[in-house]
Amino acid sequence: CHELAAAYLMGRNLQTASNGVPIDDEMRDAAELYRSTVKARAEGPIAIEDRVTISTVHPECFGTVDAWNFHAGTLRIWDLKYGFGHVDAFENWQLLTYACGLADGKPVQRVELCIVQPRSYHRDGPVRRWSLSADELRSKYLPQIQTAAALAMQESTDPVLRTGRSC
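Residues numbered from 1 in each chain as written. Predicted model: local features only at pLDDT ≥ 70, side-chain atom pairs only at ≥ 80, totals over all residues. Heavy atoms only, no water.

Chemist: Give me the lowdown on the overall build of the chain, citing residues and values where you can.
Modeler: Tallying secondary structure elements over the chain gives 4 helices and 5 strands in all. Helices and strands appear in the chain in the N-to-C order α-α-β-β-β-α-β-β-α. A compact globule built from 167 residues would reach a C-alpha radius of gyration of about 15 Å, and the chain, at 17 Å, matches this within 12%. Judged by the C-alpha coordinates and their principal axes, the chain covers about 45 × 40 × 35 Å. In the chain, which comprises 167 residues, the share counted as buried stands at 43%. Taking contacts inside the chain between residues at least 6 apart in sequence as the whole, the part at least 24 apart equals 60%. Of the roughly 9,400 Å² of accessible surface on the chain, 50% is carried by carbon and sulfur atoms. Taking the average location of the 18 positive side-chain charges in the chain and that of its 21 negative ones, the two points are 4 Å from each other. (Helix = DSSP H or I, 4+ residues; strand = E, 2+ residues; numbered from the N terminus. Rg over C-alpha atoms; globule rule 2.2 N^0.38 Å. Buried < 20%, exposed > 50% of the residue type's maximum accessible area, 1.4 Å probe, protein only. Contact = heavy atoms within 4.5 Å. Areas by Shrake-Rupley, 256 points an atom, 1.4 Å probe, with all protein chains shown as cover. Lys, Arg positive; Asp, Glu negative; His and termini not counted. Charge placed at Lys NZ, Arg CZ, Asp CG, Glu CD.)

Chemist: Let's hear about unusual backbone geometry: which residues, and what values?
Modeler: Leaving glycine aside, a negative phi is the common case for residues, and trans is the common case for peptide bonds. At glutamate 49, a residue that is not glycine, the phi angle is positive and equals roughly 50°. Along the chain, the position of glutamate 49 falls in strand E1 (residues 47–53). Under the relative-accessibility criterion, glutamate 49 is labelled partly exposed at 37%. Phi angles above zero are rare outside glycine, and alanine 72 is one such case at about 50°.

Chemist: Residue-level account of helix H3 (residues 93–103), with values.
Modeler: Most of H3 is tucked away, with 9 of its 11 residues classed as buried. Along H3, the residues classified as buried are Leu95, Leu96, Thr97, Tyr98, Ala99, Cys100, Gly101, Leu102 and Ala103. Summarising the contacts, the buried residues of H3 are in contact with E1, strand E2 (62–71), strand E3 (74–80), strand E4 (110–116), strand E5 (127–133) and helix H4 (134–153). Among the residues of H3, the N-terminal cap falls to asparagine 92, whose side-chain oxygen and the backbone nitrogen of glutamine 94 are separated by 3.2 Å. (Polar contact = N/O pair within 3.5 Å; in protein donor to acceptor, adjacent residues only side chain to side chain.)

Chemist: How would you explain the packing of aromatic side chains if you had to name every residue and give the values?
Modeler: The final tally for this structure, using the stated rule, is 3 aromatic pairs. On the numbers, 5.0 Å between centres and 75° between planes, the contact of phenylalanine 90 with tryptophan 130 is edge-to-face. Residue phenylalanine 90 is found in the loop between E3 and H3, and its partner tryptophan 130 is found in strand E5; the two are separated by 40 residues along the sequence. Since its relative accessible area comes to 13%, tryptophan 130 is described here as buried. Each member of the aromatic cluster is reached from another via a ring pair, and the members are Phe90, Trp93, Trp130 and Tyr141. Between arginine 51 and the ring centre of phenylalanine 62, over which it is positioned, the NZ or CZ distance is 3.6 Å. (Phe/Tyr/Trp six-rings, centres within 6.5 Å; stacked < 30°, edge-to-face > 60°. Lys NZ or Arg CZ within 6 Å of the ring centre and 35° of its normal.)

Chemist: Can you break down the packing of H3 against H4 residue by residue, with the values?
Modeler: For the pair H3 and H4, interaxial distance at closest approach is 10 Å and the crossing angle is 115°. What the angle tells us is that H3 and H4 run roughly perpendicular. When the axes of H3 and H4 are compared, the crossing they make is left-handed. Between H3 and H4, the contacting residues are Trp93, Leu96, Thr97, Ala99, Cys100 and Ala103 on the first element and Leu137, Arg138, Tyr141, Leu142, Gln144 and Ile145 on the second. (Axes fitted to C-alpha atoms, helices over the stretch in contact; angles between N-to-C directions. Parallel < 35°, antiparallel > 145°, perpendicular 65-115°, else oblique. Left-handed = near helix turned anticlockwise from the far one by under 90°.)

Chemist: Summarise the sheet that holds E2; cite the residues concerned and give the values.
Modeler: In spatial order, the strands read E1-E2-E3-E4-E5; together these 5 strands make up an open sheet with mixed pairing. Two strands lie at the open edges of the sheet, namely E1 and E5, each paired on one side alone. Each neighbouring strand pair of the sheet contributes to a mean axis angle of 35°, computed without reference to strand direction. Alignment of E1 against E2, held across 6 bridges, turns out to be antiparallel. The residue of E2 that forms the bridge with aspartate 50 is valine 65. Where helix H2 (residues 25–41) meets the sheet, its contacts fall on E2, E3, E4 and E5, and the angle it forms with E3 comes to roughly 175°. Taken strand by strand, H3 contacts E1, E2, E3, E4 and E5, and its axis lies near 140° from that of E3. (Pairing = 2+ DSSP bridges.)

Below, the structure is given as structure tokens:
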């Protein structure tokens, strides 16, 4: 579904995914919702399936962002989730981490995080957004992410383990 969604954003179509899985109507509907959601909010060029260095968090930190763009002070990040388990945009640490890397060196004023999850039948609907200021990203969330990365990367015989709702 991710491969099809990326193809749709680039104006292409697929019949079969590169791993041999046939594309079905449910995937097409999901990819179209994602494409239309991104296109409706994006201003300017869109980076698709972009590997991003997140050295502000840790020198080895990186991620592949489904789609993002930066225009007129606003950084927008979209993430397609094809699973059924609800994923919220509010304080989504994956997207906040991407935002830390993408905002580095840019005159970002606002950050908008968007989850598109067509198969999560939640009261908030399939498209969920959360917006925050760049100052809030840098002062509140970046230090927490940096601390978590430092703990994760330290050599220890007794590592700190923390689980989230996903566990």
